[in-house]
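Given next are the chains, with one letter for each unit.
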Amino acid sequence: MENREEGPADERAATPPERGLLHIWQSAGPSAHRGPERVLLSRPVLQAALGEHHGLLLTQGGLVYSFGELLWRDLSVPVSAPVLEVSLLGRMVVRVAAGGFHCGALSEQGNVYMWGENTAGQCGLSERGTTANITVSEPCPVSVVDNDVVPPAVVRVVDLALGREHSLALSAQNELWAWGSGCQLGLVTSTFPVWRPQKVEHLAGRHVIQVACGAYHSLALVRSLPPQNYNTQTPSEKRERGHSVTEREELFAVDGGHYCPLGVELTEAMTGETSPRRRGARRSLQPGGRSAGSSPGSAAGSCPFSEDGKANTKQKNLPVGTDSDPLTQTDGSPTSRPLSGWRSKKNSAFPDETELQNLLQKLSSHSLEMRHTSGPGDTDSLSSYTSDESCVSSTPSTDLLTSSYKEESLIKSQNNNNSGVALPYSSSPVCLEDVRLCLEAENKALQGQKSSSLTNINQKGIVAANRRLSLPGTPTRGRNGSPRRRRPCACRPSSAGWTPAAAPEEAGDGLPCLETEVWSWGRGSEGQLGHGDQLARLQPLCIKPLTGEEVIQVAAGSHHSLAITAHCQVYSWGSNMCGQLGHVNSPVTVPQQAKLSDGLRVWDLSAGQSHSLLLADGDCVQPVLLYCGQQQESVSSAQSERSTQSRKSCQRSPNRAESYTVRPALLPFCIEMGYISSVSSGGQSCALLADQNVMGFISAIHELASRERQFYCWLSRVRKLLLTPLRTRESVSPSLGESCTHLFFSLCESFGRLSVLIGRHSTSLSYFLHDVQGRDVTSLPLLTHTEHFVDVYKEYCSSVGNFQVMGGFQSLHKLSLECLGSQQTTLAQLCVSDQSVSGDVDLVSLLYWPLQQLHQYSRVLLKLAACYDVLTTEYQTLHQGCTQYESLSLSLLRKKKEAETTFLFWKTHSGKTTEVLRLPQRRLVCDCSNRSLTLQNAGRFSNHWFMLFNDALVHTQGTIPSQSLFSTHHIYPLTCLWVKPVTEDSSGLYAIKITCPEESFTLVATTPQEKNKWLRSINQALDQVLGGGGQGSSPGVTGISRTASYQFTGEGRFKDAQYTGGWLAGRVHGRGTMKWPDGRTYSGNFKNGLEDGYGECLIPNKVLNKPDSYQGHWRDGKIHGFGKYKYASGEVYEGCFSDGQRHGYGMLSSGKLAKKSSSVFIGHWVHDKKTGYGVYDDITRGEKYMGLWLDEQRHGSAVVVTQYGVYYEGTFRDNKMSGPGLLVSDDDTALHGEFTDDWIVNGKGVLSLANGDCLEGMFSGEWTAGLKVVGTYTKPVVDEPDNKERNCLLRLGQYVVPAAQRWLCVFDECWSRLGCDGAGRGERTTAWDNIAVTITTARRHSPDLSRSQTKVLECLEFIPQHGEPVNTANYDNIRRYLIKACETPLHPLGWLVETLVTVYRMTYVGVGSNRRLLRQAVQEVQAYLTHFYSIVRFLFQGLPDDGGIIPDPPASPSKSRHNSNSVEQGSVLVVCCSSLLLPLLLPRLYPPLFTLYCLQEEQEEAQYWDRILRLNKQPDQSLLSFLGVKEKFWPVWMSILGEKKQIVSSSKDACFVSAVETLQQISTTFTPSDKLLVIQKTFDELTQEVKPMLDDNFLWCMDDLLPLFLFVVLRARIRNLGAEVSLIEDLMDPNVQHGELGLMFTTLKACYIQIQQESIT
């Protein structure tokens, strides 16, 4: 490592970079005159970090260089030839930090590497107390591990800060981790050193933005909690009432009595030993003369640990040899070695070493002489003085005594009581005279009770609470224990410079947060904690005065602290021995503002041992450097030392000839440096990074940042001087009036929003400059947050304009004169525009001034764009941003002008009548007092005046423009106004046609120019209102179609209705909502001013106090199409409408079951009345009517069934049974006769009894009450032939409506949905288009569809190939399409299937479940198939007639095909409606249909089942022999779980198991074709089982097969087998009846009959 030094020659060989130029100089000493030394490196420097006597450089590519006194390696490296840290190569370092005598680096992955001195554990590597860990010579990884989570996780670190004996790391979760020694760690522990990083729990849950370390104190910048969590007050209130709040907290803390100001719990031992006298005596020992209030000696033996919380532990860790002979230190460096690298720069005041040694000797003997003053209990080691700030922090000279092992190696310590000493390389050593001066001052201070240490706490008992105003309460976590709000953040500002890792600290939206607090902890004897005292703090404590000050960066010097605010102000506190605070205000224990010259805005700072370096904006774009601290003096070195050393006593009253200035001084050499991007300090050194202005890029970014900071300061001052005082003034409301007060408040709010945005933006730009090399120019907030900027500026401009239009500025001006008084002149300086002669403040131009910033944005972005090639994305992004801001700037200036014009217009036309029209947002576009425009066909003496505003056209009549008097006025909102130029005709008029929703009129201009002006103005205003750019499109085109709200006033359907929705050329069109005052609402589609398309409507019913509601289709303003109407009475109609009436298929349900009359009608309607075939289910009476209707009455052929099983079929007239009819009761008694009323017979008839007896004659009476008969009774003789005539009369189905004529309304609706007038009357392509449109709109209006549903709909949207002839190849595609279509209710075919299922169930479920309806039910299914097939054939014209043959595709040879829906005959496919469509319909119709079959077959089923149960009691072999199965077919083996077992005589259910199981599946299928397949499979299984026992060429003969199959049927035990057989027989495909399947079915039927008739004896 030591050999790898790159000499200056190597460095200079390469071309020097233009970015990241490093300059370093000493803060004090003659070299300061010569100016900074330029360090030449081949790579740009990204960051410089300075320690006490060493420094680190981070260059591009993540390389790290070290220079200075590298004591851990015995090296002294000149800054001109820094040495590369080889072990960090390839680690991609993004951040470096330098502590007092140790170093840290941070990699891109967030890993920490530490090296340097480690006596206090500040490098945190090892826990072994051996000599090996006193120094760490090479960078070693330090893992930061969060053990609170399970499993423990490695923490990603994004920032590092190092002090003399401690190190802090900031994690990506914005939490703080610490290691090292001392109270400055902020940890809850008493054992030091802390070797492993631990979380600072006191800040857990808070969002830490940045951290900085002094020698022995720490600072953190923390985001404030939202007001409700922290305190209910706003920051400003907090500042005003801060004392009372703090006072309460502190009194509580004092009352608690368990915590001393250090945060250490008081013990009895401690309280017993706090003797002021003894403390006073001990304190006088300190060579620096400062209060030693909390040094280890002052509370010897009682305080568990001191401010320097490592004094005792450090001694333990030192090897034995160190105490006895520290001159030979383990690092092997000779004590008197001249450290040339730094001494050459420092020019020490002592030219030779002997003089220094003499001084050291004197100093040590002096301390020995004074030893008698300290008590015997004081056993402080040297390190406890040298590392304790109480003695060293006063002067730069003693500041260097802090590194424990260096001092001990350089000083011959005879015992543990040695005093502080100077090092060989200190710039001004301690002088005894100064020691005495300090002691005297200290004694005086004691007598005057000015000390703030613990010593005299008893003397101040009464005022203790007041003195401790800023102390923390009891250190619970209550205040900080808010739930954690973590957000990974890549990097933040730091005193040392900038992380190139990622973006700056963000507050959710990517811009820095300004609501911050500063927390401090550690030693405070110089007041560097800022809490108003000199006490130490063991845990972080918020510095109250800085809350609400918008601090954006903190820096810590050795013993002083700095903070910079978003307003570019610097606050400083702590040691001011060399004027490093930049002010002489007292006290220095609280933050005070540094004295900055006017016009200087500080945006970066750093703090060294006894100086501060500020980077600020001056008059020009180039940043200037300011310095506060020790200046070069002309006096001799000795005097210099003396004055410096003794400055403590007089630091609050600098009345002697000081060597520092009262305010920060400008360093003149900074102008030659170029554009400085960041400064850093450490020890006595300063460094800066600068960039050369290549192609104007750097200067442009600096200019942008500088202007934005200046702008924020301006905004803050305006807010503070003008808006806040006026807003809080009580007389604001009476002075401005109610409306203007409201507008003024909204103006203040938008000004506040603008101010916050600019503050955050300027801060973000400052952060950007710190790392200008590592940042992408496209990440500028102006480009990433364009929309936010545009919105805020627009809102601000309109709020100022609104206030101006309403005339608020006049009243505000008067109010400001009263309110501000003396501050007028200050305010006048803020006015950028030319002032009037009187010197009054022009508030209008003052508040409009922020708009000029937009032009500056655009200008700077253009400058930046010029630095890039036109094709790069950077150029395009910058250029686009530039255009956006420029156009915004122009449009807002236009708005400003509009507001001014409008204000003047109202001013000249003031009066009561015009006040009605005066609205804040309303702007005048033009009026015809200066542009003559009249109404066409106006009377000679009538006056018409038109005013065009940005939201309305106002027409006033009877006007005298000069006097602003008008009798009537009409406002036409622009949102509902259409303008069209009238083409010039023979009349020669220059006319413009204006169309409004309820009227149209024509305006006539005097000249074509006037006409064009008005036309353009109206079009532009329209364009703007409708959300365009306000450019105005071609005349007449602007917003033909638009969305707007309108209140109708004229007569008509929409009278007084409020409409919101689409328009087309003055008419309601598109989707919208119409609301009438009486409560009617319509929401849906409109077309040409009328409801058309799908819509939902509510119609209030005042009688029932409930609304009717309708959801469905409309046409030409009337309900038309399919829909659902819910009546207030409770009735619901779902079906078709035509011209507002129920017409076509529909279902009306009336009443709930609880009501008196509950019924359902489903059927055909004509003009709102039941007419045609329909089913009426009277649920209350338990009757169901299935037949024809006429004008709401039952009329024509019909069937009635009752819940008691009575069946009637006949004719109805005038709503009652009338004419011939057939009545059959449950027990098969049948009556055919003449009916005159419901269930009343009167006339000739025949009554047939269940046993076959017959009664013929005249009948009269009611069926239920009893019949009178005059007639002949006949009992049938055994051999008598059937009476055909009588049988014909009693035959069912003679008065039934034929199945083909039922439900035609359902099929008609389906045809109409396909766009046809009737069955087959229409265009095929239209039908397919209608299907596609229906599916697409359904998809659009149903957002909550599942993925599978969406997929199906997408498939159905595609129109299949429907024109080509159907062959065996594409027949399958049609079948698949139909399956999908029928599963989707949105498809017309899907709707048809769903509706057919509904009507079928309505007919045959419930009361309709009567076995006498079976024939009708079967015929109805067959009729469905016929009608359905005609629709399918219409859609797919290539399908043949029912039973036709589908040929093979012409090209390919005939392929053998076979599927469930087709049967092969040779090589052709026969298609019939049952094979194609039954699979779609029957599964849904199956339950009611099969129930009817079961009822029909009830008696036979009983017999069949009885035989099944009895025969199944037998074992297999006896049953086989009983049935006559030949023995050669008897199985011998059976397989159980794959194991073969022999069948014995007692075996049951062991033979032909697979065939039995297959046949049982017949009950699980629906269609006859599927059931036939099951039978076929059963035969196959049977054959398979028999085959092994017989020859290969075996063929069945029926004699063998029937008994065997009979066995299988018996063992299958199928319920309702008769119903299954009948269903197959009725509905099977006629094409298969005589084939193989037909034969197999006949076998099954034969078995069923055989079982029924089987004798069981």
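Further up the page is the structure itself.
Residues numbered from 1 in each chain as written. Predicted model: local features only at pLDDT ≥ 70, side-chain atom pairs only at ≥ 80, totals over all residues. Heavy atoms only, no water.

1. Brief notes about the overall build of the protein
Inference 1: Tallying secondary structure elements over the protein gives 44 helices and 63 strands in all.
Inference 2: Scored against the burial criterion, the 1657 residues of the protein give a buried share of 55%.
Inference 3: Taking contacts inside the protein between residues at least 6 apart in sequence as the whole, the part at least 24 apart equals 59%.
Inference 4: Carbon and sulfur atoms make up 52% of the accessible area of the protein, which amounts to about 69,200 Å² in all. (Helix = DSSP H or I, 4+ residues; strand = E, 2+ residues; numbered from the N terminus. Buried < 20%, exposed > 50% of the residue type's maximum accessible area, 1.4 Å probe, protein only. Contact = heavy atoms within 4.5 Å. Areas by Shrake-Rupley, 256 points an atom, 1.4 Å probe, with all protein chains shown as cover.)

2. Describing the packing of helix 42 (residues 1598–1612) against helix 44 (residues 1636–1653)
When two helices pack together, their arrangement is given by the angle between the helix axes and by the axis-to-axis distance.
Inference 1: It is at 9 Å that the axes of helix 42 and helix 44 come closest, and there the two elements cross at 65°. Relative to helix 44, the element helix 42 lies roughly perpendicular. Two packed elements cross with a definite hand, and for helix 42 against helix 44 that hand is right-handed. For the pair helix 42 and helix 44, contact is made by Met1598, Leu1602, Phe1605, Leu1606, Val1609 and Leu1610 and by Thr1643, Leu1644, Ala1646, Cys1647, Gln1650 and Ile1651, respectively.
Inference 2: Within the contact of helix 42 with helix 44, the residues separate by chemical class into ten nonpolar, two polar and no charged. (Axes fitted to C-alpha atoms, helices over the stretch in contact; angles between N-to-C directions. Parallel < 35°, antiparallel > 145°, perpendicular 65-115°, else oblique. Left-handed = near helix turned anticlockwise from the far one by under 90°. Nonpolar A, V, L, I, M, F, W, Y, C, P; charged D, E, K, R; others polar.)

3. Quick word on the sheet that holds strand 32 (residues 924–927)
One key point about sheets: their strands pair by backbone hydrogen bonds, in either a parallel or an antiparallel sense.
Inference 1: If you trace the four strands from one edge of the open sheet to the other, you get 32-34-35-36, paired in antiparallel fashion. Looking along the sheet, the strands with just one partner apiece sit at the ends: strand 32 and strand 36 (968–973). Across the sheet, the axes of successive neighbouring strands diverge by a mean angle of 20°, strand direction being ignored.
Inference 2: Against the sheet, helix 27 (residues 873–908) touches strand 32 and strand 34 (944–949), its axis set at about 150° to strand 34. (Pairing = 2+ DSSP bridges.)

4. Some thoughts on the sheet that holds strand 27 (residues 611–617)
Inference 1: In spatial order, the strands read 26-27-28-29; together these four strands make up an open sheet with antiparallel pairing. The sheet is open, and its two edges are formed by strand 26 (601–607) and strand 29 (665–666), each paired on a single side.
Inference 2: Strand contacts of helix 18 (residues 697–728): strand 26, strand 27 and strand 28 (623–629), with the helix running at about 105° to strand 26, the strand carrying the most contacts.

5. Considerations on the nonpolar core
Inference 1: Core analysis: the largest hydrophobic core is formed by 135 residues, its most contacted members being Leu625, Phe744, Tyr793, Leu864, Ile994 and Trp1014.
Inference 2: In terms of residue count, the dominant contributor to this core is helix 18 (15 residues).
Inference 3: Apart from residues lying up to four places away in sequence, Phe744 is in contact with Leu723, Leu726, Arg727, Val732, Leu736, Phe803 and Leu812.
Inference 4: Core analysis: the second largest hydrophobic core is formed by 85 residues, Cys1136, Tyr1371, Met1402 and Leu1413 among them. (Core = buried A, V, L, I, M, F, W, Y, C linked by side-chain atoms within 4.5 Å.)

6. Some points on the environment of Ile552
Inference 1: Secondary-structure assignment places Ile552 in strand 22 (residues 551–556).
Inference 2: Sequence separation between Ile552 and Arg760 is 208 residues; the distance between their C-alpha atoms is 9.6 Å.

7. Describing helix 42
Inference 1: Helix length check: helix 42, at 15 residues, gives a terminal C-alpha distance of 20 Å against a target of 21 Å (1.5 Å per residue), a fit within 8%.
Inference 2: Counting buried positions over the 15 residues of helix 42 gives twelve, a clear majority of the element.
Inference 3: Listed as buried for helix 42 are Asp1600, Leu1601, Pro1603, Leu1604, Phe1605, Leu1606, Phe1607, Val1608, Val1609, Leu1610, Arg1611 and Ala1612.
Inference 4: On the buried face of helix 42, the contacting elements are helix 38 (1498–1511), helix 39 (1516–1522), helix 40 (1553–1560), helix 41 (1568–1586), helix 43 (1617–1627) and helix 44. (Expected span 1.5 Å × (residues − 1).)

8. A look at the packing of aromatic side chains
Inference 1: Across all of its chains, the model carries 59 aromatic pairs by this definition.
Inference 2: Plain terms: the ring middles of Tyr1208 and Phe1212 are 5.9 Å apart, the flat faces sit at 85° to each other, and that makes the pair edge-to-face.
Inference 3: Its relative accessible area of 2% is what places Phe1212 among the buried residues.
Inference 4: A ring pair is formed by Phe1307 and Tyr1424, whose centres lie 6.5 Å apart and whose planes are at 55°; its orientation type is tilted. Taken together, the positions of Phe1307 in helix 31 (residues 1304–1313) and Tyr1424 in helix 36 (residues 1414–1435) put the pair 117 residues apart, joining distant regions of the chain. (Phe/Tyr/Trp six-rings, centres within 6.5 Å; stacked < 30°, edge-to-face > 60°.)

9. Focus on the pattern of salt bridges
Inference 1: As enumerated under the stated definition, the model contains 41 salt bridges in all.
Inference 2: Here Glu915 makes a salt bridge to Arg918, at a shortest N to O gap of 3.4 Å.
Inference 3: On the accessibility criterion, Glu915 (39% relative accessible area) is partly exposed.
Inference 4: Beyond isolated ion pairs, a larger network of salt bridges with shared partners links Asp146, Asp148, Glu175 and Lys199. (Salt bridge = Lys/Arg side-chain N within 4 Å of Asp/Glu carboxyl O.)

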